[in-house]
Amino acid sequence: MSASTLSPELKAALHEGLVIPAHPLALNEQRQLDERYQRALSRYYIASGAGGIAVGVHSTQFEIREPHIGLYEPVLRIAAEEVERAALDRPFIKVAGICGPTAQALAETEIALSLSYDAGLLSMGGLGGWSEADILKRTEQVAERIPVIGFYLQPSVGGRIFSFDFWRAFAEIPNVVAIKMAPFNRYQTIDVARAVCFSSRRDDIALYTGNDDNIINDLLTVYRFNVHGQTVEKRVVGGLLGHWAVWTQKAVALLEEIKKARINASLDPEWLTRNVAVTDSNAAFFDPAHQFAGCIPGIHEVLRRQGLLPGTWCLNPHETLSDGQAEEIDRVYLDYPEQHDDAFVQEHLQKWLAD
């Protein structure tokens, strides 16, 4: 079987920079899939101008894969159906979250391909006993079937630290098309950017931020390294973010504004202050005050307030808002009203919720 590859149009769009929200899971009070709201979320992201969606990822809850829950294929299918129904006249990338040991990852890859997904976001979480060589081999096998977006996940939520040499070897794997850098750590983010710059495939790989704690700064930074006597530069061109699962219309506008700012010879220092505002909002959603325990419920709470989710329920009943988290969301709503897209949501909500 030959590998699926990105179309020239999708590859160009990926390298120009896209807003790719990490798609949440809509559940009812019985913690069962609420298809009406699941479809409404996909419609919201499409209407917001996002350049893609990532489904079956952390924000969609890893428990969807458990046999007694069995929601991996349904949630991927629903999102794919909504993208097809939208009949978009612009590039839109469908990214499937892929995780687990090699056999599981390959099985999920086949499901994603059967539903016409364009790429797989390949998680390295849950493989604590694996060597870097083992994980590279697994990546090669998945990339033989589907374009791969690498994923550097922060250790505090199940990731692990990888070496510079690992990322350099990772970047050399054919059909790796992007890397989502989400270690929430500047040193480790630089490792990935430098490794890609040292790779012979550096022009084939797009760098995306998953650092929800540093979104604007990542998107404005040029990474510059001396590679065997030659100056090589790479930008972080877009984001694949849980943070962008909320207030998505404003995230799209933000990225477009950043793209225009990149053209200027100098940057307004106000961008540094705006980065703090986005990070402060993210702290309310992602709950670092409690080691990110309320991360997914925090995203749900914002969507619930907008009418895009019926509640904050998660598949794990112990996953709830942390003490004081709702009040923190209240605060950032008041402090940064320019960041939310409530008016846009209210204008279209009933249409998105229609069957």
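Because the structure is predicted, anything quoted here is derived from the model rather than measured.

Cut-offs used in this document
- Starting from 1, residues in each chain are numbered consecutively following that chain's sequence as written.
- Totals for whole chains, interfaces and linings use every residue, but because this is a predicted model, local features are given only for residues with pLDDT of at least 70 and side-chain atom pairs only at 80 or more, for both listing and counting.
- Remark: hydrogens and water are excluded; side-chain values derive from all non-hydrogen atoms of the structure.
- Per the convention used, a helix needs a DSSP run of H or I reaching at least four residues, while a strand needs a run of E reaching at least two, with both numbered from the N terminus.
- Using C-alpha atoms as the atom set, the radius of gyration is obtained and then compared with a globule rule of 2.2 Å times the number of residues to the power 0.38.
- Relative accessibility under 20% of the residue-type maximum defines a buried residue, over 50% an exposed one, and the middle range a partly exposed one, all with a 1.4 Å probe and only protein chains included.
- The contact definition used throughout considers only heavy atoms, calling two residues in contact when any of these lie within 4.5 Å.
- Computed with a 1.4 Å probe, the accessible areas rest on the Shrake-Rupley method; for each residue, only the protein chains presented here act as cover.
- Only four residue types enter the tally: Lys and Arg on the positive side, Asp and Glu on the negative side; His and the chain ends are excluded.
- Throughout, a charge is located at the NZ atom of Lys, the CZ atom of Arg, the CG atom of Asp or the CD atom of Glu.
- For Phe, Tyr and Trp, where Trp contributes only its six-membered ring, two rings pair if their centres lie within 6.5 Å, and the inter-plane angle classes them as stacked under 30 degrees, edge-to-face over 60, or tilted in between.
- Each ring is checked for a lysine NZ or an arginine CZ that lies within 6 Å of its centre and within 35 degrees of its normal; such an atom marks a charge sitting over the ring.
- Interaxial angle, 0 to 180 degrees, is taken between N-to-C directions of lines fitted to C-alpha atoms, where a helix line uses only the stretch in contact.
- For classification purposes, angles smaller than 35 degrees are called roughly parallel, those larger than 145 roughly antiparallel, those between 65 and 115 roughly perpendicular, and all remaining angles oblique.
- What makes a crossing left-handed is the near helix being turned counterclockwise from the far one by less than a right angle; a clockwise turn instead makes it right-handed.
- A pair of strands counts as paired when DSSP detects no fewer than two bridges linking them.
- Call a crossover right-handed when, viewed with both strands pointing away from you, the route from the first strand across the helix to the second goes clockwise.
- As used here, the term nonpolar core means buried Ala, Val, Leu, Ile, Met, Phe, Trp, Tyr and Cys residues forming a set that is joined through side-chain atoms within 4.5 Å.
- Residues are sorted three ways: Asp, Glu, Lys and Arg are charged, Ala, Val, Leu, Ile, Met, Phe, Trp, Tyr, Cys and Pro are nonpolar, and all the rest, Gly among them, are polar.
- Definition used for salt bridges: Asp or Glu carboxyl oxygen within 4 Å of a side-chain nitrogen of Lys or Arg.

(A) Representation of the overall build of the protein chain within the structure. Secondary structure summary: the protein chain contains 13 helices and nine strands in total. Whereas a compact globule of 355 residues would reach a radius of gyration of roughly 20 Å, the protein chain reaches 19 Å, a difference of no more than 12%. Taking the principal axes of its C-alpha atoms as reference, the protein chain extends roughly 55 × 50 × 40 Å. Going through the 355 residues of the protein chain one by one, you find that 57% of them count as buried. Within the protein chain, counting contacts between residues at least 6 apart in sequence, those at least 24 apart form 78% of the total. Accessible surface computed for the protein chain: about 14400 Å², of which carbon and sulfur atoms make up 52%. Side-chain charges of the protein chain comprise 32 positive and 46 negative groups, with the mean position of each set lying 5 Å from the other.

(B) Main features of the packing of aromatic side chains. Enumeration over the complete set of coordinates arrives at 14 aromatic pairs. When the centroid spacing of 5.8 Å and the interplanar angle of 85° are considered together, the rings of Phe164 and Phe198 count as edge-to-face. Taken together, the positions of Phe164 in helix H6 (residues 164-171) and Phe198 in helix H7 (residues 186-198) put the pair 34 residues apart, joining distant regions of the chain. Phe198 shares its class with Phe164; the two are buried. With a centroid separation of 5.8 Å and 85° between ring planes, the pair formed by Phe184 and Phe292 is classed as edge-to-face. Of this pair, Phe184 sits in the loop between strand S6 (176-182) and H7 while Phe292 sits in the loop between helix H10 (270-286) and helix H11 (295-306), and the two are 108 residues apart along the sequence. Of the two residues examined, Phe184 and Phe292, each falls in the buried class. One aromatic cluster in this structure is built from Tyr152, Phe162, Phe166, Trp167 and Phe170. Over the ring of Phe164 we find Arg194; its NZ or CZ atom is 3.9 Å from the centre of that ring.

(C) Inspection of the packing of H10 against helix H12 (residues 325-335) at higher detail. Viewed as axis vectors pointing N to C, H10 and H12 meet at an angle of 155°, and their least axial separation amounts to 8 Å. Between H10 and H12, the angle is such that the two are roughly antiparallel. Of the two possible hands of crossing, H10 and H12 adopt the one that is left-handed. The residues of H12 that touch H10, namely those facing Asp280, Ser281, Ala284 and Phe285, are Gln325, Glu328, Ile329, Arg331 and Val332.

(D) Spotlight on the pairing of strand S4 (residues 119-122). Judged by which residues are buried, S4 turns out to be covered on both faces: Ala119 and Leu121 on one side and Gly120 and Leu122 on the other are all buried. Judged from the four bridges that link them, strand S3 (residues 93-98) and S4 form a sheet pairing that is parallel. Paired with Gly97 across the strands is Leu121, a residue of S4. For the crossover that starts at S3, traverses helix H4 (residues 102-114) and ends in the parallel S4, the hand is right-handed.

(E) Representation of the nonpolar core within the structure. Within the largest apolar cluster, 100 residues are counted, with the highest numbers of intra-cluster contacts made by Leu76, Tyr117, Trp167, Phe170, Phe285 and Leu303. Beyond its immediate stretch of four places on either side in the chain, Leu76 contacts Val55, Gly56, Ala96, Ala112, Leu115 and Tyr117. Ile20, Ile93, Ala178 and Ala206 belong to the second largest nonpolar core, which has 23 residues in total.

(F) Looking closely at the packing of helix H2 (residues 35-47) against helix H3 (residues 72-86). Here H2 crosses H3 at 45°, and the two axes come no closer than 9 Å. The orientation of H2 relative to H3 falls into the category oblique. Taken as a pair, H2 and H3 cross one another with a handedness that is right-handed. Residues Glu35, Gln38, Arg39, Ser42, Arg43 and Ile46 of H2 form the contact with H3, whose participating residues are Val75, Ile78, Ala79, Glu81, Glu82, Val83, Arg85 and Ala86. Within the contact of H2 with H3, the residues separate by chemical class into six nonpolar, two polar and six charged.

(G) Representation of the pattern of salt bridges. Within the structure shown, the criterion is met by 21 salt bridges. One salt bridge connects Arg65 with Glu108, and the closest N-O pair in it is separated by 2.7 Å. Of this pair, Arg65 sits in the loop between strand S2 (52-55) and H3 while Glu108 sits in helix H4, and the two are 43 residues apart along the sequence. Pair check on accessibility: Arg65 and Glu108 agree, each one buried.

(H) Region of the structure containing the pairing of strand S9 (residues 230-241). Inspection of the sheet shows strand S1 (residues 19-21) paired to S9 by three bridges, in the parallel sense. When the bridges of S9 are listed, Ile20 appears paired with Leu240. Judged from the three bridges that link them, strand S7 (residues 206-209) and S9 form a sheet pairing that is parallel. Among the inter-strand pairings, Tyr208 is bridged to a residue of S9, identified as Gly238. The sheet contact formed by strand S8 (residues 222-227) and S9 spans six bridges and is antiparallel. Note on S9: the bridge partner recorded for Phe225 is Val232. Following S8, the chain reverses through two residues before pairing antiparallel with S9; His228 in that reversal takes a positive phi of roughly 55°.

(I) Just the environment of Ala289, in detail. Within the secondary structure, Ala289 sits in the loop between H10 and H11. Classification of Ala289 by relative accessible area gives exposed; the value is 63%. As a C-alpha pair, Ala289 and Glu66 span 223 residues in sequence and 29 Å in three-dimensional space.

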